[in-house]
Amino acid sequence: MPDQRVKNWQSLSGDGAFDVVVVGGGVNGIGTYRELALQGLRVLLVERGDFASGCSAAPSRMIHGGLRYLENGEFDLVRESLQERDALLVNAPHFVHPLPTVIPVTSLFSGLFNAAASFLGLSRKPAPRGAVPIKLGLSLYDWVSRKRRLMPRHSFQGRRATRRDWPELMQEARGTATYHDAWIGFPERLCIEMLQDVARVAPGCVALNYCEIAAETGGFSVTCQRSGQTAEIRPRLIVNATGAWLDETVAQLGGTAPRMVEGTKGSHLILDHPELFAALKGNMVFFENDDGRVCIVFPFHDRVLAGSTDIRVARTGRVRCEPEETDYILGALAKVFPGLNIDASQIVFSYSGIRPLPQSDQDFTGRISRGHDFRKLEGRVPQLCMIGGKWTTFRAFAQQTADAALGELRHGRRVDTLDLAIGGGAKFEGREVQILQELCKVQNLSHARAGHLLQRYGSHAPKVAIACGREDRPLAAGTLYSEGEILHLIRSEFVETLSDLALRRTDLAISGVLSMQIIEALAALMAQETGLSPDLITAQKQDLIAELSTYHGVTAATLERRNTERNAQCA
């Protein structure tokens, strides 16, 4: 068991009394844990998998105000989303970046009646939106964000300018509209940085992944899935932040309530497509497919991210991008960029997650609210259930839930997090060049290696470079990660498995860089640092390879082929 986990488990076992236990280590649960810990409460966070490994690991990577929510009349949600988008641009500037967004316009008035009917609460499937409803929506978007504007206002281009600036765009486009939102480069890392912030300022709080909570006759227990150890805990309040699994968790904790959450499945593709990357010119293209579903495509680091689907699911569980979803997304891209050859051979990674949405009777899934709320369940220990929510609004949702918890416990708020920096976002804005120079001159790193650290750790990059020390040797061919960096992650970022490293602490998997050779290198470092037996390391390698094949479309043969390709490129 790594030292970090040993210390956390000892703290839990030594004193099982907590003001609040947050169940669920996704972005909403971690946000709530952070909110409550900063107010001086003793808080325990329990996650049965890895942190940010469920829906929080499968977002569109957009941080946005929700332009289409205006059509549903959800002005409060849009206002809140825009506030939180702008807050993240300021509080986490190392991860969250402006994203100019282009909407192809194919008609003048189409969709106006449907938009009006939807706004009035009539259930209608949307029609393709023309210039007039797009103009109305973007004007409202600008108006809602007028008091704290960080982004340029929207603009329109006519046919001639569109053909000049977007030669690859479909010929049906009579013009384009451009507005700004944002994207996040490393959402899982943002979650880890929030946990690290709590560990630094509230050492009495405990966050544990790979643990399960259960109701017992006299209270509750937590069981470590890694060691089998069990500890009794005595919370005054429970926050259920398990997202799509919320209703199952209510029953697991001994509560009863009508079903509160339903899910829709969203799948995304990561493509290695230099021509499409160049055609996007740093913009996201936001467009409607033939069925009315909004689709997106934008540059994601040096790859292209495309999505997504929105499919109702009857049962909660691990999901993957199915072949028909791949065809759907690729077909949508081919419609918007008909001159480019886009096919499945260019996919380097796929992912899918279940959006935890409020129970709804809407026929069209795009009409189900992306808003959030909480419900209190009475019991021996009251339970606050977090219903709905989306990535962009995690802080606001966490603050609202925390305020309800503080009210229950008669404890005042000490800290407002709206303007509180997260992790390496502190003292980062405007210091990028200075930090890069420090890494290159003081740490004697190459510009590429320094840029790699800056992008992933922000203002903490120099500390990470120092932690890498003499072990700052390349991990493997084709990646800027080093052995020392991986060892630092294992020691300090709650790493328990190779999947944690490959899928969430690093971008090795999602970038399409991960190969069998890199997996072997990660496994060797994991064995060195944790002392796990060869049999356990082999089992973790097999689990990672199976997970990549089953849920991300990356087979063992693909991993082997990348070995050959990377070695040939380096040669």
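Preceding this section is the structure that the text describes.
Predicted, not measured: the structure shown is a model, and the values here were computed from it.

## Brief notes about the overall build of the chain
Inference 1: Per the secondary structure count, the chain includes 19 helices and 18 strands.
Inference 2: Relative to the 2.2 N^0.38 estimate, which gives 25 Å for 571 residues, the radius of gyration of the chain is 24 Å and therefore close to what a compact globule would have.
Inference 3: With respect to the three principal axes, the spread of C-alpha positions in the chain is 70 × 65 × 45 Å.
Inference 4: Within the chain, the fraction of its 571 residues that count as buried is 59%.
Inference 5: Within the structure as shown, the chain displays about 22,900 Å² of accessible surface, and the carbon and sulfur contribution to it stands at 52%.
Inference 6: Treating the 64 positive side-chain charges of the chain as one cloud and the 64 negative ones as another, the clouds have centres 5 Å apart.

## Some words on the pattern of salt bridges
Inference 1: Across all of its chains, the model carries 37 salt bridges by this definition.
Inference 2: Arg-164 is the salt-bridge partner of Asp-165, the closest N and O atoms lying 2.9 Å from each other.
Inference 3: Overall, the relative accessible area of 22% leaves Asp-165 in the partly exposed class.
Inference 4: You can call Arg-164 exposed: its relative accessible area is 57%.
Inference 5: The closest approach of N and O atoms between Arg-320 and Glu-322, which form a salt bridge, is 3.3 Å.
Inference 6: Given a relative accessible area of 36%, Arg-320 falls into the partly exposed group.
Inference 7: By sharing partners, the salt bridges in this structure join Glu-35, Glu-84, Arg-395, Asp-403 and Arg-413 into a single network.

## Topic: unusual backbone geometry
Inference 1: At the junction of Gly-307 and Ser-308, the peptide bond is cis and its omega measures out at -5° in the coordinates.
Inference 2: Mapped onto the fold, Ser-308 is located in the loop between β14 (303–307) and β15 (311–313).
Inference 3: In this structure, His-301 is a non-glycine residue whose phi angle is positive, near 55°.
Inference 4: With a phi close to 60°, Asn-444 is a non-glycine residue in the positive phi region.
Inference 5: Examined against the element boundaries, Asn-444 turns out to sit in the loop between α12 (432–441) and α13 (447–457).

## So, helix α17 (residues 516–530)
Inference 1: Between its first and last C-alpha, α17 extends 21 Å over 15 residues, near the 21 Å set by a 1.5 Å rise per residue.
Inference 2: Considered for burial, the residues of α17 that qualify are Met-516, Ile-518, Ile-519, Ala-521, Leu-522, Ala-523, Leu-525, Met-526 and Thr-530.

## Structural notes on the pairing of strand β2 (residues 43–46)
Inference 1: The side-chain alternation of β2 yields two buried faces, one formed by Val-43 and Leu-45 and the other by Leu-44 and Val-46.
Inference 2: Here strand β1 (residues 17–23) runs beside β2; their pairing, made up of four bridges, is parallel. In the strand pairing of β2, Val-22 is matched with Leu-45.
Inference 3: Taken together, β1, helix α2 (residues 27–38) and β2 form a β-α-β motif whose crossover is right-handed.

## Side note on the side chain of Arg-456
Inference 1: Relative to the helices and strands, Arg-456 resides in helix α13.
Inference 2: Of note is the side chain of Arg-456, whose polar atom sits 3.1 Å from the backbone oxygen of His-452.
Inference 3: Among the polar contacts made by the side chain of Arg-456, one reaches the side chain of Gln-455 at a distance of 3.0 Å.

## Here's the deal with the environment of Ser-13
Inference 1: Looking at where Ser-13 falls in the secondary structure, it is placed in helix α1 (residues 3–14).
Inference 2: For Ser-13, a relative accessible area of 43% translates into the label partly exposed.
Inference 3: Spatially, the C-alpha atoms of Ser-13 and Thr-230 are 8.4 Å apart, while their sequence positions differ by 217 residues.

## Thoughts on the packing of aromatic side chains
Inference 1: Inspection of the entire model under this criterion finds eight aromatic pairs.
Inference 2: Look at Trp-183 and Phe-300: their rings are 5.8 Å apart centre to centre, the planes differ by 70°, and that puts the pair in the edge-to-face class. Taken together, the positions of Trp-183 in strand β6 (residues 175–184) and Phe-300 in strand β13 (residues 294–300) put the pair 117 residues apart, joining distant regions of the chain. For the pair shown, Trp-183 and Phe-300 are each scored as buried.
Inference 3: The side chain of Arg-42 reaches across the aromatic face of Phe-18, ending 4.0 Å from its centre.
Inference 4: Sitting above the plane of the Tyr-210 ring, Arg-226 keeps its charged end 5.3 Å from the centroid.

## Some words on the packing of α17 against helix α18 (residues 534–552)
Inference 1: In contact at an axis separation of 10 Å, α17 and α18 are set at 145° when each is read in the N-to-C sense. For the crossing formed where α17 meets α18, the hand is right-handed. Together, Met-516, Ile-519, Glu-520, Ala-523, Met-526 and Ala-527 of α17 and Ile-537, Gln-540, Lys-541, Leu-544, Ile-545 and Leu-548 of α18 make up the contact between the two elements.
Inference 2: Taken together, the residues that form the contact of α17 with α18 break down as nine nonpolar, one polar and two charged.

## Here we look at the state of the cysteines
Inference 1: A full pass over the atoms with the stated rule returns zero disulfides.
Inference 2: Just so you know, Cys-55 is unpaired, no disulfide at all, and the nearest cysteine sulfur is the one on Cys-191, 11 Å from it.
Inference 3: Take Cys-55: its relative accessible area is 28%, and that puts it in the partly exposed class.
Inference 4: The structure places no disulfide on Cys-224, whose sulfur is separated from the nearest cysteine sulfur, that of Cys-211, by 4.6 Å.

## Notes on helix α11 (residues 394–409)
Inference 1: In this model α11 runs 22 Å from its N-terminal to its C-terminal C-alpha over 16 residues, within 8% of the 22 Å that 1.5 Å per residue would give.
Inference 2: With 12 of its 16 residues buried, α11 lies for the most part within the structure.
Inference 3: Residues of α11 that are buried include every one of Phe-394, Arg-395, Ala-396, Phe-397, Ala-398, Gln-399, Thr-401, Ala-402, Ala-404, Ala-405, Leu-406 and Leu-409, and no others.
Inference 4: Just beyond α11, the residue with positive phi is Arg-410, at close to 55°.

## Concerning the nonpolar core
Inference 1: Counting residues in each nonpolar core, the largest one holds 73 residues, and the members touching the most others are Phe-349, Leu-514, Leu-522 and Leu-548.
Inference 2: With eight residues, the single largest contributor to this core is α17.
Inference 3: For Leu-548, the contacting residues outside a window of four places in its chain are Phe-349, Leu-503, Ala-509, Leu-514, Ile-519, Gly-553, Val-554 and Leu-559.
Inference 4: Of all hydrophobic cores here, the second largest spans 46 residues; its members include Val-43, Leu-88, Ile-184 and Phe-394.

## Topic: the environment of Phe-397
Inference 1: Mapped onto the elements of the fold, Phe-397 is located in helix α11.
Inference 2: In this structure Phe-397 comes out as buried when scored by relative accessible area, which is 1%.
Inference 3: Taking the C-alpha atoms as reference points, Phe-397 and Phe-374, 23 residues apart in sequence, are found 8.8 Å from one another.
Inference 4: Setting aside its immediate chain neighbours within four residues, Phe-397 contacts Asn-28, His-372, Asp-373, Met-386, Ile-387, Gly-388 and Gly-389.

Reading guide: rules and limits
- Residues numbered from 1 in each chain as written.
- Predicted model: local features only at pLDDT ≥ 70, side-chain atom pairs only at ≥ 80, totals over all residues.
- Heavy atoms only, no water.
- Helix = DSSP H or I, 4+ residues; strand = E, 2+ residues; numbered from the N terminus.
- Rg over C-alpha atoms; globule rule 2.2 N^0.38 Å.
- Buried < 20%, exposed > 50% of the residue type's maximum accessible area, 1.4 Å probe, protein only.
- Areas by Shrake-Rupley, 256 points an atom, 1.4 Å probe, with all protein chains shown as cover.
- Lys, Arg positive; Asp, Glu negative; His and termini not counted.
- Charge placed at Lys NZ, Arg CZ, Asp CG, Glu CD.
- Salt bridge = Lys/Arg side-chain N within 4 Å of Asp/Glu carboxyl O.
- Expected span 1.5 Å × (residues − 1).
- Pairing = 2+ DSSP bridges.
- Right-handed = clockwise from strand over helix to strand, strands pointing away.
- Polar contact = N/O pair within 3.5 Å; in protein donor to acceptor, adjacent residues only side chain to side chain.
- Phe/Tyr/Trp six-rings, centres within 6.5 Å; stacked < 30°, edge-to-face > 60°.
- Lys NZ or Arg CZ within 6 Å of the ring centre and 35° of its normal.
- Axes fitted to C-alpha atoms, helices over the stretch in contact; angles between N-to-C directions.
- Left-handed = near helix turned anticlockwise from the far one by under 90°.
- Contact = heavy atoms within 4.5 Å.
- Nonpolar A, V, L, I, M, F, W, Y, C, P; charged D, E, K, R; others polar.
- Disulfide = S-S within 2.5 Å.
- Core = buried A, V, L, I, M, F, W, Y, C linked by side-chain atoms within 4.5 Å.

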